[in-house]
Amino acid sequence: MDEILTNWLLGLIAALLAVLVLDSTGQSFLDPLSPIANVLALVTFLAFVILTGAFLVYTASFRN
């Protein structure tokens, strides 16, 4: 399960980096990808927030 989650997050980060590279090449390449980039950014941010919250809950469970 850890490998699946790690690969999924790395794939999202790679897609975001690809959009940033396309942005540097010119606006004509980026226009069709703009909605996809927004969704990827939102999903990556939400995944980060959820994973951070899960980690904090997990570490708090060891506290007595």
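Conventions and cut-offs
- Residues numbered from 1 in each chain as written.
- Predicted model: local features only at pLDDT ≥ 70, side-chain atom pairs only at ≥ 80, totals over all residues.
- Heavy atoms only, no water.
- Helix = DSSP H or I, 4+ residues; strand = E, 2+ residues; numbered from the N terminus.
- UniProt positions renumbered as here; feature names shortened; annotations may be inferred.
- Buried < 20%, exposed > 50% of the residue type's maximum accessible area, 1.4 Å probe, protein only.
- Contact = heavy atoms within 4.5 Å.

### Quick look at the environment of leucine 22
With respect to the helices, strands and loops of the structure, leucine 22 is situated in helix 1 (residues 2–25). C-alpha separation for the pair leucine 22 and leucine 33, spaced 11 residues apart in sequence, amounts to 9.2 Å.

### A few points about the UniProt feature "transmembrane region" (unreviewed entry) in the chain
With numbering matched to this structure, UniProt assigns "transmembrane region" (unreviewed entry) to residues 36–58. With 100% helix and 0% strand, residues 36–58 has end C-alpha atoms that lie 32 Å from one another.

### Here we look at the side chain of threonine 44
Following the sequence through the fold, threonine 44 ends up in helix 3 (residues 34–60). Here threonine 44 falls in the buried class, since its relative accessible area comes to 16%. Excluding anything up to four places from it in sequence, threonine 44 contacts Leu12 and Leu16.

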